[in-house]
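# Geometric and topological summary
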Amino acid sequence: MDRGVKFVLDNFDKTLDFINDHPEYEKYKKRVQIEYSRIKYIKFTGNMYEHFLKFKGGNHKYAEDFKFLEENGILSNELLADYLRENYSDEMDHYCGIEDLIVGNIYSNSEIANTFKCSNMGGMRRSKETNSLVLIAKHNNPLYDDQWTDDGILNYTGMGTENDQSISYAQNKTLTIAEREGIKVYLFESYKDNEYYYDGEVKLAGTPYQSEEADINGAIRKVIKFPLKRLDQTKSLIIDIEDIEKSENEKLKEVRKFDSSEIKNRAKIAESENISTKEVKTIYRERNQYIAEYTKERANGVCDLCGKEAPFKDKNGRPYLESHHVITLAENGPDAIYNTVAICPNCHRKIHVLHQKEDIDKLSKVIMKYLLTDDDKENIKKWEELFKN
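Residues numbered from 1 in each chain as written. Predicted model: local features only at pLDDT ≥ 70, side-chain atom pairs only at ≥ 80, totals over all residues. Heavy atoms only, no water.

## Digging into the overall build of the protein
Using the following cut-off: Each helix is a run of DSSP H or I of at least 4 residues and each strand a run of E of at least 2, with the numbering of both proceeding from the N terminus. Using a 1.4 Å probe on the protein chains alone, a residue whose accessible area is under 20% of its type maximum counts as buried, one over 50% counts as exposed, and one in between counts as partly exposed. Any two residues whose heavy atoms approach within 4.5 Å are treated as being in contact. Accessible surface is estimated by sampling points in the Shrake-Rupley manner with a 1.4 Å probe; for residues, cover comes only from the protein chains shown. This count recognises Lys and Arg as positive and Asp and Glu as negative, with His and chain-terminal groups excluded. All charge positions are set by atom: Lys at NZ, Arg at CZ, Asp at CG, Glu at CD.
Across its full length, the protein carries 13 helices and 13 strands. Overall size of the protein, expressed as C-alpha extent along the three principal axes, is 75 × 55 × 40 Å. When each of the 389 residues of the protein is scored for burial, the buried share is 48%. Of the contacts formed within the protein by residues at least 6 apart in sequence, a portion of 64% connects residues at least 24 apart. In the structure as shown, the protein presents an accessible area of about 20200 Å², 47% of it carried by carbon and sulfur atoms. A distance of 3 Å separates the average location of the 59 positive side-chain charges in the protein from that of its 70 negative side-chain charges.

## Focus on unusual backbone geometry
Positioned with a positive phi, lysine 117 is a non-glycine residue whose angle comes to about 55°. Note that lysine 117 resides in the loop between helix H6 (109-116) and strand S2 (124-127). We classify lysine 117 as partly exposed; its relative accessible area is 26%. Positioned with a positive phi, asparagine 300 is a non-glycine residue whose angle comes to about 55°. Its place among the elements puts asparagine 300 in the loop between helix H10 (289-299) and strand S12 (322-325).

## Some words on the pairing of strand S6 (residues 184-192)
A regular strand places its side chains so that they alternate between the two faces of the sheet. The condition is simple: When DSSP locates at least two bridges between a pair of strands, those strands are taken to pair.
Counting buried positions along S6 yields seven of nine residues, so the element is predominantly enclosed. By the bridge criterion, seven bridges tie strand S3 (residues 132-138) to S6 in an arrangement that is parallel. Paired with leucine 133 across the bridge in S6 is valine 185. Where S6 lies against strand S7 (residues 195-204), seven bridges are found, and the strand directions are antiparallel. Across the sheet, the residue bridging to tyrosine 186 is glutamate 201, located in S7. The hairpin formed by S6 and S7 contains two residues between the paired strands, and asparagine 194 there has a positive phi angle of roughly 65°.

## Quick notes on the state of the cysteines
Formally: In what follows, a disulfide is any cysteine sulfur pair within 2.5 Å.
Enumeration according to the criterion identifies zero disulfides in this entry. With no disulfide of its own, cysteine 96 lies 13 Å from the sulfur of cysteine 118, the closest cysteine sulfur. Using a relative accessible area of 11% as the deciding quantity, one classes cysteine 96 as buried.

## Here we look at helix H11 (residues 345-354)
To keep things clear, this is the line we draw: Working definition: the arc comes from the directions between the helix axis and the C-beta atoms, pointing outward to the latter.
Looking only at H11, the buried set comprises Cys347, His348 and Ile351. The arc that holds the buried residues of H11, viewed along the axis, is 105°, so those residues lie on one side. Residues of H11 that are exposed and point more than 90 degrees away from the buried face comprise Asn346, Arg349 and Val353. On its buried side, H11 packs onto S12, strand S13 (340-343) and helix H12 (357-373).

## What to know about the nonpolar core
Under the convention used in this document: Put simply, buried Ala, Val, Leu, Ile, Met, Phe, Trp, Tyr and Cys residues joined by side-chain atoms within 4.5 Å make one nonpolar core.
Among the nonpolar cores identified, the biggest contains 25 residues, and Val8, Phe12, Ile39, Met48, Phe52, Phe68 and Leu84 are the most heavily contacted of them. For this core, the secondary-structure elements that each account for two or more residues are helix H1 (3-21), helix H2 (29-39), helix H3 (45-53), helix H4 (67-71) and helix H5 (77-87). The element best represented in this core is H1, accounting for seven residues. Other than its neighbours up to four places away in sequence, phenylalanine 68 contacts Phe18, Ile19, Tyr25 and Tyr28. Residues Leu321, Ala336, Leu371 and Phe387 belong to the second largest nonpolar core, which totals 21 residues.

## Points about the packing of aromatic side chains
Two numbers describe a pair of aromatic rings. These are the distance of the centres and the angle of the planes. Formally: In this analysis, rings of Phe, Tyr and Trp, with Trp reduced to its six-membered ring, are considered paired at centre separations within 6.5 Å, and the interplanar angle assigns stacked below 30 degrees, edge-to-face beyond 60, and tilted for intermediate values.
Summed over all chains, the structure comprises 19 aromatic pairs. Here tyrosine 28 and phenylalanine 68 contribute two aromatic rings whose centre-to-centre distance is 5.4 Å and whose plane-to-plane angle is 20°, an arrangement assigned as stacked. Here tyrosine 28, found in the loop between H1 and H2, pairs with phenylalanine 68, found in helix H4; they are 40 residues apart in sequence, far enough to count as distant. Among the residues examined, tyrosine 28 registers a relative accessible area of 16% and is labelled buried. Members of the aromatic cluster, joined through ring pairs, are Tyr107, Phe116, Tyr186, Phe188 and Tyr198.

Next comes the structure, spelled out in structure tokens:
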């Protein structure tokens, strides 16, 4: 770690210690912690200097709030840039540029913003200074269903959180014309807050298309999907399996904020046409959490195979059943409600050990019964196509 970086982090520790010792400044603690979370991953003094340049001169809304630091011998954000230049001039050229980023490495939000000279907010970030467009795929956010195909294409969801998305809107248009206009596009993937895996430079691999997904208010809308591929396919991006599992759990928490009817509505349209796979220590296939949750709710606490009540309740008081794909994802079965059942752990293990045809037949009929009860004509047709043999 550069000496200048260590100084800044120590200065923030001093600030937090001072606030802890002086309750009258407690109201500023969260603001300091937020700023600390933005800089703690910065590795080089040059990048740290650039980060604090924006505070110089006190031209921001929190400048007056933190005058108390200078009065108590602690450097405020406004003074840090000049202090670094004056005292760590030998480290000013210690800097991470775009060309220094390493595919597969994890970077913080601040490092991304500083390196690309772009905003630190949003999923599509344009920088005219570096003539680039930074794309963020947030896999822990169920609003955006960005999935990789087995042939290395990421179907990236466009910009806009409510109503139909437009290809001519803001950075959707930028991404569409990027190659023609010489704008370089870079991709990061995030599975937990403030940690972003770097995928490298990407480009459109085909024509953008429309898909139906729920917006932030739960209304079904048309979204733009941009098929992207990495320019350099020789470098593997290996994701920590714990990060993926954590992001799935976070998405499930968000899903459970909706009522049963909303989960059902979203599950019915949430069939994943391209099951997302990633290179991890084992192959992990992402499941849509609306589908998984609705499948369990549909079973109403009773195993779809043995017909017995769930053997126990989880820590949230829910009957414990496990979502299972009758035609497994490994066999290219769809992640959709016409292929999923909720079964007890014992039956789940039995299915995977014995692979009995009678179990598949029974479960497929259970699914059909659900679809008929719901008069779900669209998914009945899909069930018939899947189980016709």
